[in-house]
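Reading the structure
Each chain, letter by letter, is given below.
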Amino acid sequence: MTTTTWSAPLLVDRTLTDLVVRGIRERIMLGEMVSGQRLTEAQLASSFEVSRSTIREALRRLEAERLVETISHRGSRVARLSTADAVEICELRAMIESYCLREQTRPISGELRSHLSGIVEEMRLLTFPNDASRFIDLDQQFHRSLVRAAGLRHAYQVWAGINSLLGILVTLSIRYLPLDGETIANRHQVIIDIVSATAASDRDVTEIAQSHYLTLAHALGEIDTNTRPDGPKETANDRRHTS
């Protein structure tokens, strides 16, 4: 069995492209770049003072996150984000992570618990919307560590594919929901508590993992139904029943 060493929750952007991805993502999340806005390589290269090749790579990565879309012969633009997409992502993450938590050894090791607790304490200091990108980094570290601890290679690969869409959840949450570091930290602390409990059953961890995401899915779904000017929108649940 492979032993995983848990590093401290220290995050460093390693490349210039990382910094540009972070910068464009923040502008989208904060509404400085709006849905449908064209993204030209020349303008972005000038704004970030980098080469057009760096911009192209950054846009490819943001397209994988579904925050940017590329149209043939027309270039890139900020994607039109739907709360129905965010609800679907929540539901998928709930299914995969609840499975991984059921399969991992409980209680988790003291080393992993300490690593997760360090991340939660950093979350507690977040302020929104300014720390949105930092939240994405911390949230990915937290959930990646839990999923990896299960030792399920295929489940991790599926989770990683969905995890790339986290920007959609954060962007829409910032636009429509009240966010604060204390609440976010407490929501993650509940997960640490349940996987650290010797007596926790599979049902217990499943309920906690699903609640973590489905509470958010419900809140976003309610906003989509009640506040959009053009009336109720199709939800992920609707699509399942009509497909």
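These lines cover the structure that appears in this document, whether it is placed above or below. (Residues numbered from 1 in each chain as written. Predicted model: local features only at pLDDT ≥ 70, side-chain atom pairs only at ≥ 80, totals over all residues. Heavy atoms only, no water.)

1. Some words on the overall build of the protein
Where we set the bar: For the purposes of this entry, the term helix denotes a DSSP run of H or I that reaches at least four residues, the term strand denotes a run of E that reaches at least two, and both are numbered from the N terminus. Partly exposed describes any residue whose relative accessible area lies between the buried limit of under 20% and the exposed limit of over 50%, with all areas from a 1.4 Å probe on protein chains only and scaled to the type maximum. Should any heavy atoms of two residues lie within 4.5 Å, those residues are considered in contact.
What the protein contains, in helices and strands, is 11 helices and 3 strands. Each helix and strand of the protein, ordered N terminal to C terminal, gives the series α-β-α-α-β-β-α-α-α-α-α-α-α-α. For the protein, the proportion of its 243 residues judged to be buried stands at 43%. Within the protein, counting contacts between residues at least 6 apart in sequence, those at least 24 apart form 76% of the total.

2. Observations concerning the nonpolar core
Filter applied, for reference: As used here, the term nonpolar core means buried Ala, Val, Leu, Ile, Met, Phe, Trp, Tyr and Cys residues forming a set that is joined through side-chain atoms within 4.5 Å.
Formed by 68 residues in total, the largest nonpolar core has its most connected members in I24, L44, I55, M123, F142 and V170. At 8 residues, the largest contribution of residues to this core is made by helix α4 (residues 83-103). Beyond its immediate sequence surroundings of up to four residues, I55 is in contact with V20, E41, L44, A45, F48 and V50.

3. Description of the environment of L62
Mapped onto the secondary structure, L62 falls in helix α3 (residues 52-64). Exposure remark for L62: the relative accessible area of 0% places this residue in the buried category. Each C-alpha atom of the pair L62 and G167 lies 9.0 Å from the other, and the pair is 105 residues apart in sequence. Not counting the four nearest positions on each side in its chain, L62 is found in contact with V21, I24, R25, L67 and V68.

4. Digging into the environment of I108
Considering the arrangement of structural elements, one finds I108 in the loop between α4 and α5 (110-123). With a relative accessible area of 6%, I108 lands in the buried category. If we skip the residues at most four places from it in the chain, I108 touches R113, L116, V195 and S196.

5. Quick notes on the sheet that holds strand β2 (residues 68-71)
Put simply, the rule is: Two strands make a pair as long as DSSP finds a minimum of two bridges between them.
One open sheet holds the 3 strands; their spatial order is β1-β3-β2, and the pairing between them is antiparallel. With partners counted over all chains shown, the strands left at the sheet margins are β1 (38-39) and β2, one partner each. Bridge count for β1 against strand β3 (residues 75-78) is 2 bridges, and the pairing is antiparallel. Paired with L39 across the bridge in β3 is S76.

6. A look at the packing of α4 against helix α7 (residues 153-163)
Worth spelling out the cut-off: Think of each axis as a best-fit line through the C-alpha atoms, taken over the contacting stretch in the case of a helix, with angles from 0 to 180 degrees between the N-to-C directions. An angle counts as roughly parallel when it lies under 35 degrees, as roughly antiparallel when it exceeds 145, as roughly perpendicular when it falls between 65 and 115, and as oblique in every other case. For a crossing to be left-handed, the near helix must be turned anticlockwise from the far one by less than a right angle; the clockwise case is right-handed. All amino acids are sorted into three groups, where Ala, Val, Leu, Ile, Met, Phe, Trp, Tyr, Cys and Pro are nonpolar, Asp, Glu, Lys and Arg are charged, and the leftover types, Gly among them, are polar.
It is the contact of α4 with α7, at a shortest axis distance of 10 Å, that shows an interaxial angle of 155 degrees. What the angle tells us is that α4 and α7 run roughly antiparallel. Here α4 runs over α7; the crossing is left-handed. Of the residues in α7, those in contact with I89, L92, R93, I96, E97, Y99 and C100 of α4 are A155, V158, W159, I162 and N163. The class makeup of the residues in the contact of α4 with α7 is 9 nonpolar, 1 polar and 2 charged.

7. Description of unusual backbone geometry
What is expected of a backbone is that most residues other than glycine have negative phi and most peptide bonds are trans. In this chain, R106 is followed by P107 through a cis amide linkage whose omega measures 0 degrees. Tracing the backbone shows P107 in the loop between α4 and α5. Residue P129 is reached from F128 by a cis peptide bond, and omega for that bond is 10 degrees. For P129, the position within the fold is in the loop between α5 and α6 (132-149). Even without a glycine there, the phi angle at R66 is positive, about 65 degrees. Note that R66 resides in the loop between α3 and β2. On the basis of relative accessible area, R66 is assigned to the partly exposed category, the value being 48%.

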